[in-house]
Amino acid sequence: MRASFRSWIRVTGLVSFVVSVAVSLVMAADASGGRERLRMDDGWRFAFGHPSDTKKDFGHATGYFAYITKTGFGDGPAAPVGKFDDSAWRTLDLPHDWAVEQPNVANGSHSHGYRAVGPGFPDVNVGWYRKTITIPKEDLGRRISLVFDGVFRASRVWVNGFYLGEEPSGYLGFRYDVSDYLNYGGENVIAVRCDVTMEEGWFYEGAGIYRHVWLEKTAPVHLVADGTTIVTDVDEAGAAKVQVWSEVAHALGKAEAAGMSVRYLVIDADGKSVAEAATEMQGVEAGETVELGSALAVTKPQLWSIETPVLYTLVAEVSAGGAVVDRVETKFGIRTVRFDPNEGFFLNGKHVKLKGTNNHQDHAGVGAAIPDALQDFRIKALKAMGSNVYRCSHNPPTPELLDACDRLGMLVIDETRLMGSNPLHLDAVERMIRRDRNHPSVIMWSLGNEEWAIEGNITGARITTTMQAFAKRLDPTRMMTVAISGGWGGISTVIEAMGVNYIRHGDTDKQHKEFPWQVILGTEETTTQATRGIYFDDKERGHMAPLEDGTSGGNVETGWKHYAARPYLAGVIYWTGFDYRGEPNPLKWPAVSSQFGILDTCGFPKDSFYYLKAWWTDEPVLHVFPHWNWPGKEGQEFDVRVHSNHEAVELLLNGKSLGKQDMPRNGHLAWKVAYAPGALEARGYRGGKVVETRTVETRGLAAKLVMTPDRTALTADNQDVSVITVSALDAQGRAVPVADNLVTFEITGGKIIGVGNGDPASHEADKASERKLFNGLAQVIVQTTYQAGPMVLKAKSEGLSGAMVEFTSSQAGAAAVARVK
Ligand code: GAL
């Protein structure tokens, strides 16, 4: 336990500002205590600058005195209001990813998906964003911050010509207190310059302000951002203790410091207050940050779990000088987590085998700029196959991804990548932990991934020891892992939870024997690499049949068999859940997306989805593949496979039995079948009886389009999206698995923000209103505007009858998030 946990109240040091103007402390006695958090995503101006050609960079930083020479000397787009004309720039709303707007080119970066951006494309590597906002006069005296959830990458920010700082990371959130630089009662211009000349990871990363931006206003006395810690524990009788610590930044004069207090309320999912506590402190000097805490008892808590992810809200209310000056609500869950070196993972005392996927934040149509509702769509798709853990490879994710995991019941391993024991590295660990520690979904911190220069040696062991001890001081309640590949013997000797990247690199049984205190889990394991719906290799077209032996060794089944058979292994996290742009290994151009996914870039399942669903869930599964449309291949022998969790399966071709086989646990079944058009029927048996049948038939030509939206009741907030599956049916109404028709879309009352089809070698535009079907499927993502009312999407394709979806877009819920216009 850290010292402050015991002492409850601690002075944590000087804050970086002292209020120099006379301020009214009683900001507001309203429900927010004077705090406002405004979304600032709309109406940014955007243009490309240049990394080295100052003319193309709008003459930025060419003044005799530059922005790092003299305060307030931002020039070019960084200049104050009225000194730079951005009226010809493009207007856009965030989140924005300009990489996904660039074409695919053969000389683009392989790891990043062959886009005409990044190394070698200087004309589109610097992006400038500008936004002009009005700050009311009455805000004078409040603390006002610009909050960026993440900008890719190397961002610099100015307000009114004042340089605020630089953030090299494309993944860490950051904030600037701008109170001292603002024009109160007038216009203010914010300028952001980011530069993607250098890549940060080895996968598609997007470009620009691809996460939300917020404007936060508080009273001078306020709860520090990310300064709240909530730790829950549940006793044997089922009662919960909720321990809370809050950092309060204190910028008052001495006299007013007396009588500061924090009141806590725990609100349950129905909005009922179930616990209350208050804590007080006196006489703290101005300019300090203090930490206060309380313990609250919730006698009959509803526990957060994968099946019932119940969330509570902690309300922290700060009073100073007799008035409420700040109020922050934090969602949290009441749950216990425990890892055991012999038995694996326990949630609320119950054993849970970790069944997971790694994922980058990248989706068809939108790239890295993933709207919040799409996060939900992706997490639900992973849950549908029984997956219960998501590793944020290889960086802290968008905050809304963690919110989705909290809400939907998905465990998370949160990761910071670059290993080292310098301020750069430790600061990244600290920012990740402080931002994400109250998410009940987060069960473990990952401090690195495959650091080949250090993982097998003493340097790696030393760095890990330092990082782990540092992280433990920040969060003594969670375990730390590092994902290790070939270099066992360095990091693997000191890390408390060894992350195994691919079992082919070492002997987990031996490791467990030699390090009996250590938890072991599979942080990466190979899937069956494959292109959805493809059963013959076609390198020219960038398509591959399922690989029996993937690039990292083995396949989805060999991996699961290893982990399922060993109780000491906490579980396995496959590489990857979704396909992502970049790393199309072992293929190259024209393939531009990876094919590791169990789902493709749209979230359409590949065959191994059903293998995992069969062994990861209790739902009946009977999946037969390949499809049965092979004109010209009559008489050719096919390897017909079945993924199922029934006891036995019988396969029939055109009514004739090809034999019944018992299903091996964690295995699959296969038959050699000479192709003849018609029907391939699988019958699943339990207790000797047929309990399920599935038929794969030879289908006719595409005759009709169908669109299936994930949701039709949307919020008119310019953010909400619906994800629509587009498929083609033959004249008999059966899905055509090989259809590749070009589909065009038209929308009224909303907008199309992206299209995709999961083809890892498609070079069609993501930002378009047309897309070809790929093996029978395409996806279109539509978004609301601020205009409530009906939204209608139509799809057309030559020679096919079209399809239509009607949505309702309503204001309900839209008011919940206030915004800066
Ligand atoms: C791993 C790495 C992943 C990804 C994968 C591709 O070594 O951690 O990020 O690159 O290989 O096989």
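Residues numbered from 1 in each chain as written. Predicted model: local features only at pLDDT ≥ 70, side-chain atom pairs only at ≥ 80, totals over all residues. Heavy atoms only, no water.

- The chain is annotated in an unreviewed UniProt entry as Beta-galactosidase from Nibricoccus aquaticus.
- Looking at the Sequence similarities (unreviewed entry) heading of the UniProt record, one finds this comment for the chain: "Belongs to the glycosyl hydrolase 2 family." (UniProt positions renumbered as here; feature names shortened; annotations may be inferred.)

Some points on the overall build of the chain
At step 1: Assigned secondary structure in the chain consists of nine helices and 45 strands.
At step 2: Here the chain has a C-alpha radius of gyration of 28 Å; the compact-globule value for 821 residues is 28 Å, and the two agree.
At step 3: Reported as C-alpha extents along the three principal axes, the dimensions of the chain are approximately 90 × 65 × 50 Å.
At step 4: The burial tally for the chain puts 61% of its 821 residues in the buried class.
At step 5: Sequence separation of at least 24 residues holds for 69% of the intrachain contacts in the chain that already meet a minimum separation of 6.
At step 6: For the chain, the computed accessible surface area is about 31100 Å², with 52% contributed by carbon and sulfur atoms. (Helix = DSSP H or I, 4+ residues; strand = E, 2+ residues; numbered from the N terminus. Rg over C-alpha atoms; globule rule 2.2 N^0.38 Å. Buried < 20%, exposed > 50% of the residue type's maximum accessible area, 1.4 Å probe, protein only. Contact = heavy atoms within 4.5 Å. Areas by Shrake-Rupley, 256 points an atom, 1.4 Å probe, with all protein chains shown as cover.)

Focus: the UniProt feature "domain: Glycoside hydrolase family 2 catalytic" (unreviewed entry) in the chain
At step 1: UniProt tags residues 343-420 and 423-485 as "domain: Glycoside hydrolase family 2 catalytic" (unreviewed entry).
At step 2: For residues 343-420, helix accounts for 28% and strand for 28%, while the C-alpha atoms at its two ends are 31 Å apart.

Some thoughts on the pairing of strand 9 (residues 174-177)
At step 1: What you see with strand 9 is a clean split: Phe174 and Tyr176 sit on the buried side and Arg175 and Asp177 on the side with no burial.
At step 2: Sheet topology places strand 6 (residues 143-148) next to strand 9; four bridges connect them, and they run antiparallel. Its bridge partner being in strand 9, Phe148 is matched across the sheet by Phe174. (Pairing = 2+ DSSP bridges.)

What to know about the site of the ligand
At step 1: Surrounding the ligand, one finds Trp202, His394, Asn449, Glu450, Asn501, Tyr502, Glu524, Ser552, Trp575, Glu583 and Phe596.
At step 2: In this structure, an oxygen atom belonging to the ligand sits 2.8 Å away from a side-chain N or O atom of Trp202.
At step 3: At 2.4 Å, a side-chain N or O of Glu450 approaches an oxygen atom of the ligand.
At step 4: Relative to its free-state accessible area of 310 Å², the ligand is covered by the protein chains to the extent of 89%.
At step 5: When grouped by side-chain class, the residues that make up the shell around the ligand number four nonpolar, four polar and three charged. (Near = heavy atom within 4 Å. Polar contact = N/O pair within 3.5 Å; in protein donor to acceptor, adjacent residues only side chain to side chain. Nonpolar A, V, L, I, M, F, W, Y, C, P; charged D, E, K, R; others polar.)

A closer look at the packing of aromatic side chains
At step 1: In this structure the tally under the stated criterion is 36 aromatic pairs.
At step 2: With centroids separated by 6.3 Å and ring planes inclined at 80°, the aromatic side chains of Tyr535 and Trp630 adopt a geometry described as edge-to-face. Of the two residues, Tyr535 sits in the loop between strand 28 (519-526) and helix 8 (556-564) while Trp630 sits in the loop between strand 30 (622-625) and strand 31 (637-644), which places them 95 residues apart along the sequence. The same class applies to Tyr535 as to Trp630, namely buried.
At step 3: Here the aromatic cluster, defined as three or more aromatic residues joined through ring pairs, consists of Tyr535, Phe536, Phe625, Trp628, Trp630, Phe638 and Tyr675.
At step 4: In this structure, Lys70 packs its charged tip against the face of Phe65, placed 5.5 Å from the ring centre.
At step 5: Against the face of Phe346 rests Arg338, its NZ or CZ located 4.2 Å from the ring centre. (Phe/Tyr/Trp six-rings, centres within 6.5 Å; stacked < 30°, edge-to-face > 60°. Lys NZ or Arg CZ within 6 Å of the ring centre and 35° of its normal.)

Considerations on the sheet that holds strand 42 (residues 770-772)
At step 1: Reading across the sheet, the five strands line up as 38-45-44-40-42 and stay open at both edges, with mixed pairing between neighbours. Looking along the sheet, the strands with just one partner apiece sit at the ends: strand 38 (713-715) and strand 42. Going from strand to strand, the sheet's axes swing by 25° on average, the running direction of each strand aside.
At step 2: Strand direction decides the pairing type here: strand 40 (residues 742-748) and strand 44 (residues 789-796), joined by five bridges, are antiparallel. Across the sheet, residue Glu746 finds its bridge partner in strand 44, namely Lys794. (Axes fitted to C-alpha atoms, helices over the stretch in contact; angles between N-to-C directions.)

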